[in-house]
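# Residue-level structure breakdown
The chain contents come next:
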Amino acid sequence: MMKLKFQSDLAYQRQAIDSVVDIFKGQTVKQSEFTVSYGEDAGMIQTGLGIGNFLELNENEILKNVQEIQARNGLPRSEFLDGMNFTVEMETGTGKTYVYLRTIYELNKKYGFTKFVVVVPSVAIREGVYKSLQITEEHFNELYNNQPLEYFIYDSEKLDRVRNFATATTIQVMIINIDAFRKSFVDPEKENKANVIHRPNDRLNGYKPIEFIQETNPIVIIDEPQSVDTTPKSKEAIRSLNPLCTLRYSATHVDTYDMGYGVDAVDAYSEGVGARIAVMSIR
């Protein structure tokens, strides 16, 4: 049986990981707790404890960290934060998915963050991310001393997974297609036109699935943001997740927000990585 081997010491990947982790330099290991209703027993509503990410740093402290990261990476200096949106530019073929998956482990190891949502533009990329989590599982177990990490694809017919996402104490990674939560509503009479994630659900004691996600204050990772949140509706959908921060990974960003790290085509070529095109002449 063929077994994939992953390199854990590529300098440019490590720099990309550290550039995100250092955004939160000074943060201590903390979590937030909240109450979750999960069913009824003998007419009594049962409740449990939900676990969420907690950020104790203020905006000025985050901005100072970002400026230090930009200075060491030779990037333009941000004079203010554009919300909590951060950009990582990585050329195709440089291991973008590996980098943000490993960043999840590092953020947990250093600060105790446990709730992550990976937003993707298509079913194909969604399945690709899921496959990447499968094939890197053993590699990351070796690197992070078998730190438990649970991952799943959001399915509107399996909403118990959303509740488990909110209550689990282990690292949770939910992979979701933007189309699964882009359609919201204001008029209650038009509930059937909204995604299931925005509708009250009897199995969740009348709560909307998205409310469980919002309570966790997840770190949102957008894979290929130029295809995910380029419309007002998509941006609104991302905000509806109530993210602690949003990390955008791509080779071709439309909106760069606060740039934290960048490896372009020239950098990738000099590193001997990245996708390449060979041109043959025809006679």
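Please read all numbers here as calculations on a predicted model, not as lab measurements. (Residues numbered from 1 in each chain as written. Predicted model: local features only at pLDDT ≥ 70, side-chain atom pairs only at ≥ 80, totals over all residues. Heavy atoms only, no water.)

Okay, the overall build of the protein next. A count of helical and extended segments in the protein gives eight helices and nine strands. Classification of the 283 residues of the protein by burial places 46% in the buried group. Of the contacts made within the protein by residues no fewer than 6 positions apart, 72% connect residues no fewer than 24 positions apart. With the model as given, the accessible surface of the protein reaches about 14700 Å², and the carbon-plus-sulfur share is 49%. (Helix = DSSP H or I, 4+ residues; strand = E, 2+ residues; numbered from the N terminus. Buried < 20%, exposed > 50% of the residue type's maximum accessible area, 1.4 Å probe, protein only. Contact = heavy atoms within 4.5 Å. Areas by Shrake-Rupley, 256 points an atom, 1.4 Å probe, with all protein chains shown as cover.)

Secondary-structure assignment places asparagine 164 in helix H5 (residues 160-167). Overall, the relative accessible area of 27% leaves asparagine 164 in the partly exposed class. Expressed as a C-alpha distance, the spacing of asparagine 164 and phenylalanine 212, which sit 48 residues apart in the sequence, is 9.3 Å. For asparagine 164, the residues in contact, after removing those within four places along its chain, are Glu150 and Gln172.

Moving on, we get to the packing of helix H1 (residues 11-21) against helix H3 (residues 96-111). One can describe the packing of H1 onto H3 by two numbers: an axis separation of 9 Å at closest approach and a directional angle of 45°. Accordingly, the angle class assigned to the pair H1 and H3 is oblique. The two elements H1 and H3 meet at a crossing, and its hand is right-handed. Along its contact with H1, which presents Gln13, Arg14, Ala16, Ile17, Val20 and Val21, the element H3 presents Tyr98, Val99, Arg102, Thr103, Glu106, Leu107, Lys110 and Tyr111. Across the contact of H1 with H3, the residue classes tally to eight nonpolar, two polar and four charged. (Axes fitted to C-alpha atoms, helices over the stretch in contact; angles between N-to-C directions. Parallel < 35°, antiparallel > 145°, perpendicular 65-115°, else oblique. Left-handed = near helix turned anticlockwise from the far one by under 90°. Nonpolar A, V, L, I, M, F, W, Y, C, P; charged D, E, K, R; others polar.)

What follows deals with the packing of aromatic side chains. Applying the stated criterion to the full structure yields 11 aromatic pairs. Judged by centre distance (6.3 Å) and plane angle (70°), the ring pair of phenylalanine 152 and phenylalanine 165 falls under edge-to-face. You can see phenylalanine 152 sitting in strand E5 (residues 149-153) and its partner phenylalanine 165 sitting in helix H5, a full 13 residues away along the chain. Comparing phenylalanine 152 with phenylalanine 165 shows no difference in burial state: the two are buried. Here the guanidinium or amino end of lysine 115 rests over the ring plane of phenylalanine 165, the centre of that ring lying 5.8 Å away. The cationic tip of arginine 161 hangs over the ring face of phenylalanine 152; the distance from NZ or CZ to the ring centre is 4.0 Å. (Phe/Tyr/Trp six-rings, centres within 6.5 Å; stacked < 30°, edge-to-face > 60°. Lys NZ or Arg CZ within 6 Å of the ring centre and 35° of its normal.)

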